[in-house]
Amino acid sequence: MKASDLPLNYNAVNILEHNLTSRADKVALYSAERELTFRQVANEANQVGHALKKLDVHVGESVGILSPDCAEWVTSFFGIVKIGAVSVGMNTLLKPHELSYILNDSKARVLIVHAALLPSIESIRDSQEFLKHIVVIGGKGREGDPVFKEWIKNESTELGVTPTHRDDFCSLNYSSGTTGEPKGILHAHKDYPLTAQLWGADVLGLKESDRAFGAPRLFFTFGTGGVLIFPWYVGASCVLMAAPPRIATNMLETIQRFKPTLLYNAPTGYAAMLAMDDLKEKYDLSSLRLCVSAGESLPASIWHGWKERTGLDIIDGIGSTENF
């Protein structure tokens, strides 16, 4: 597959909405907080799109998302993309001054933030040059801040797709900042189906019956692609976890509860699970058919140790934010 295989007018929301034709009522998203079908995700994304338009968000403008992995992160992302705006997934581990840099650099006028992360922006929000609106997921902010659930409640679940060009930008991700300030990397609508086909489908062999879960958070391209975009591209489901993935028991309990077939993690994550003496005795990993590693070089000892303990192969794929 190559970019020219896509129509000139292409919007990445198609990765969600193509599933409405034959599997609208299939569960698309599993999490401890919410379980949504493809139809329910699409409806909420449309409500987000309408609500953003009422905040005067235009084509090409940035909208920030600062939230743990949850259904609202996903519906916000697709609502932003569908109206032709640019989604800015923000690292939830950043310090206030780093978040301030990204908000100013991206010129985001709207920030959708989870209530748990409001303290991260409280000290810097009044100094923002461009930020005008803060929408709060799962709680309340200052007086006048819309609460996400109420903000979208009365909006229509029908919304036309903005006819974006396949080369128009739809997301902005920031590098880790190890060589100075984080660098903003823009990705076009065409990048999502291309990587989903060339990596998700062609390399990992993802199919409709799969269910993807992983430690990489949605604000990383590793998480956006592997956990969300790749499975939905083929009609598979995703599993989201808001809890910290660095705690091995959080990962293992989620696997046992939601039975994913694909697992994404970094080598340190696999090592943490291997360090548990009762890994196989306490946790049922039988739903998994394949594991994927990225983020750092995979040591041979971890590959062989994981294979010996679980019987599962790990595919090692090194990428970068710049090369989604």
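Note: the structure precedes this text.
Quick caveat, the model's predicted, so the values are computed rather than measured.

Caption draft 1: View of the overall build of the chain. When you go through the chain residue by residue, the secondary structure sums to 12 helices and 13 strands. Taken over the C-alpha trace, the chain has a radius of gyration of 19 Å; the compact-globule value for 324 residues is 20 Å, and the two agree within 12%. A principal-axis box enclosing the C-alpha atoms of the chain has dimensions of 55 × 45 × 35 Å. Scored against the burial criterion, the 324 residues of the chain give a buried share of 56%. Taking the contacts inside the chain whose residues are at least 6 apart along the sequence as the reference set, 69% of them involve residues at least 24 apart. As displayed, the chain offers around 13700 Å² of accessible surface, 51% of which is attributable to carbon and sulfur atoms.

Caption draft 2: Quick look at the pattern of salt bridges. Under the defined criterion, the tally for this structure stands at 17 salt bridges. Put simply, Arg 142 and Asp 126 hold a salt bridge, and the shortest N to O gap is 2.9 Å. Of this pair, Arg 142 sits in the loop between strand S6 (133–137) and helix H6 (148–153) while Asp 126 is found in the loop between helix H5 (118–122) and S6, placing the two residues 16 residues apart along the sequence. When salt bridges that share partners are traced, they join Arg 34, Glu 44 and Glu 72 into one network.

Caption draft 3: Quick look at helix H9 (residues 248–258). When we look at burial in H9, the residues that qualify are Ala 248, Asn 250, Met 251, Leu 252, Thr 254, Ile 255 and Phe 258. Residues of H9 that are buried in the fold lie against strand S1 (27–30), strand S9 (211–214), strand S10 (237–239), strand S11 (262–265), helix H10 (267–274) and helix H11 (279–282). Phi turns positive one or two residues past the end of H9, at Lys 259, with a value near 55 degrees.

Caption draft 4: Here's a closer look at the side chain of His 189. For His 189, the location among the structural elements is in the loop between strand S8 (184–188) and helix H7 (191–201). Given the relative accessible area of 0%, His 189 is considered buried.

Caption draft 5: Summary view of the pairing of S11. Alternating positions in S11 separate into two faces, Leu 262 and Tyr 264 on one and Leu 263 and Asn 265 on the other, with burial throughout. Looking at chain direction, S9 and S11 are connected through three bridges and run parallel. Each bridged residue has a counterpart across the sheet, and for Gly 214 the counterpart in S11 is Tyr 264. Sheet topology places S11 next to strand S12 (residues 290–293); four bridges connect them, and they run parallel. Pairing of Asn 265 across the sheet is with Ser 293, part of S12.

Caption draft 6: Spatial organisation of the sheet that holds S10. If you walk across this open sheet you meet the seven strands as S2-S1-S10-S9-S11-S12-S13, and the pairing is mixed. One side of each edge strand has no neighbouring strand; the edge strands of this open sheet are strand S2 (35–37) and strand S13 (314–316). Between one strand and the next, the sheet's axes are offset by a mean angle of 20 degrees, whatever the strand orientation. In this sheet, S10 lies alongside S1 in parallel orientation, the contact comprising two bridges. Bridged to Leu 29 within S10 is Cys 238. Here helix H8 (residues 221–233) sits on the sheet in contact with S1, S9, S10 and S11, set at roughly 150 degrees to S10. Sitting on the sheet, H10 is in contact with S11, S12 and S13, with an inclination near 110 degrees to S11.

Caption draft 7: Region of interest: the nonpolar core. Among the nonpolar cores identified, the biggest contains 60 residues, and Leu 52, Val 74, Phe 78, Trp 151, Ile 229, Trp 232 and Tyr 264 are the most heavily contacted of them. Beyond its immediate sequence surroundings of up to four residues, Ile 229 is in contact with Ile 15, Phe 77, Phe 78, Tyr 192, Ala 196 and Thr 224.

Caption draft 8: Layout of the sheet that holds S8. If you walk across this open sheet you meet the six strands as S6-S5-S3-S4-S7-S8, and the pairing is mixed. Looking at strand neighbours, the two that pair on one side only are S6 and S8, the edges of this open sheet. With direction set aside, neighbouring strand axes in the sheet form an average angle of 20 degrees. Across four bridges, strand S3 (residues 62–66) lies against strand S5 (residues 110–114) in parallel orientation. When the bridges of S5 are listed, Gly 64 appears paired with Leu 111.

Basis of the calculations
- Residues numbered from 1 in each chain as written.
- Predicted model: local features only at pLDDT ≥ 70, side-chain atom pairs only at ≥ 80, totals over all residues.
- Heavy atoms only, no water.
- Helix = DSSP H or I, 4+ residues; strand = E, 2+ residues; numbered from the N terminus.
- Rg over C-alpha atoms; globule rule 2.2 N^0.38 Å.
- Buried < 20%, exposed > 50% of the residue type's maximum accessible area, 1.4 Å probe, protein only.
- Contact = heavy atoms within 4.5 Å.
- Areas by Shrake-Rupley, 256 points an atom, 1.4 Å probe, with all protein chains shown as cover.
- Salt bridge = Lys/Arg side-chain N within 4 Å of Asp/Glu carboxyl O.
- Pairing = 2+ DSSP bridges.
- Axes fitted to C-alpha atoms, helices over the stretch in contact; angles between N-to-C directions.
- Core = buried A, V, L, I, M, F, W, Y, C linked by side-chain atoms within 4.5 Å.

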